[in-house]
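# Reading the structure
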Amino acid sequence: MKKLHVTLWVGLLVLSFTLMVTSGCTSDGAINYNDKLIGYQANVVKKMITLSKSLEGRDPVAMKRKLSDLGEEVDRSIAAVTAMPDFKGNTDFRDALLDLLDFYKELVENEY
């Protein structure tokens, strides 16, 4: 079940990136802004995958450490994204990522 969650979120990451690329955003500034946002999400997803792999080892100490690492990465990403400025007066992408990161935080704190 946990692998399904990770797989779904990785798929969402790929879909998000694809939609951004195909939506006609050709401005370097928009691309750089999006890349920065996606970078934070990718860092969290990497930690999710590491946690998922640790579940296979059935080592509770390693699992707790990886879960803690994931929680710390989510918190760092939330702080960094919150501190980012808007993009030309628009906060839609930043706000959407913050919603997703809040969801990740809820998963870390309540589901694992």
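In this section: the overall build of the chain. A tally of regular secondary structure across the chain gives four helices and zero strands. Shown N-terminal to C-terminal, the secondary structure of the chain runs as helices and strands in the order α-α-α-α. The burial tally for the chain puts 31% of its 112 residues in the buried class. For the chain, the proportion of contacts with a sequence separation of at least 24, taken over those separated by at least 6, is 72%. Within the structure as shown, the chain displays about 6900 Å² of accessible surface, and the carbon and sulfur contribution to it stands at 59%.

What follows covers the environment of Phe93. Its location among the elements puts Phe93 in helix 4 (residues 92-111). For Phe93, a relative accessible area of 45% gives the class partly exposed. Spatially, the C-alpha atoms of Phe93 and Tyr33 are 9.3 Å apart, while their sequence positions differ by 60 residues.

Together, Asp99, Asp102, Glu106 and Glu111 give the surface a local cluster of negative charge. On the accessibility criterion, Asp99 (54% relative accessible area) is exposed.

Note on helix geometry: an α-helix contains 3.6 residues per turn, so any two residues three or four positions apart are oriented the same way. With 30 residues, helix 2 (residues 28-57) should reach 44 Å at 1.5 Å per residue; the first-to-last C-alpha distance of 43 Å fits that figure. Immediately beyond the C-terminal end of helix 2, within one or two residues, lies Arg58, with a positive phi of roughly 55°.

With that out of the way, let us pick up unusual backbone geometry. Within the chain, Arg58 stands out as a residue other than glycine whose phi angle is a positive 55°. Among the secondary structure elements, Arg58 is positioned in the loop between helix 2 and helix 3 (60-83). With relative accessibility at 71%, the residue Arg58 sits in the exposed group. Phi is positive for Lys88, close to 50°, though the residue is something other than glycine. Inspection of the secondary structure puts Lys88 in the loop between helix 3 and helix 4.

The rules behind each value
- Residues numbered from 1 in each chain as written.
- Predicted model: local features only at pLDDT ≥ 70, side-chain atom pairs only at ≥ 80, totals over all residues.
- Heavy atoms only, no water.
- Helix = DSSP H or I, 4+ residues; strand = E, 2+ residues; numbered from the N terminus.
- Buried < 20%, exposed > 50% of the residue type's maximum accessible area, 1.4 Å probe, protein only.
- Contact = heavy atoms within 4.5 Å.
- Areas by Shrake-Rupley, 256 points an atom, 1.4 Å probe, with all protein chains shown as cover.
- Patch = residues over 30% accessible without salt bridge, like charges linked within 9 Å, V, L, I, M, F, W, Y side chains within 5 Å.
- Salt bridge = Lys/Arg side-chain N within 4 Å of Asp/Glu carboxyl O.
- Lys, Arg positive; Asp, Glu negative; His and termini not counted.
- Charge placed at Lys NZ, Arg CZ, Asp CG, Glu CD.
- Expected span 1.5 Å × (residues − 1).

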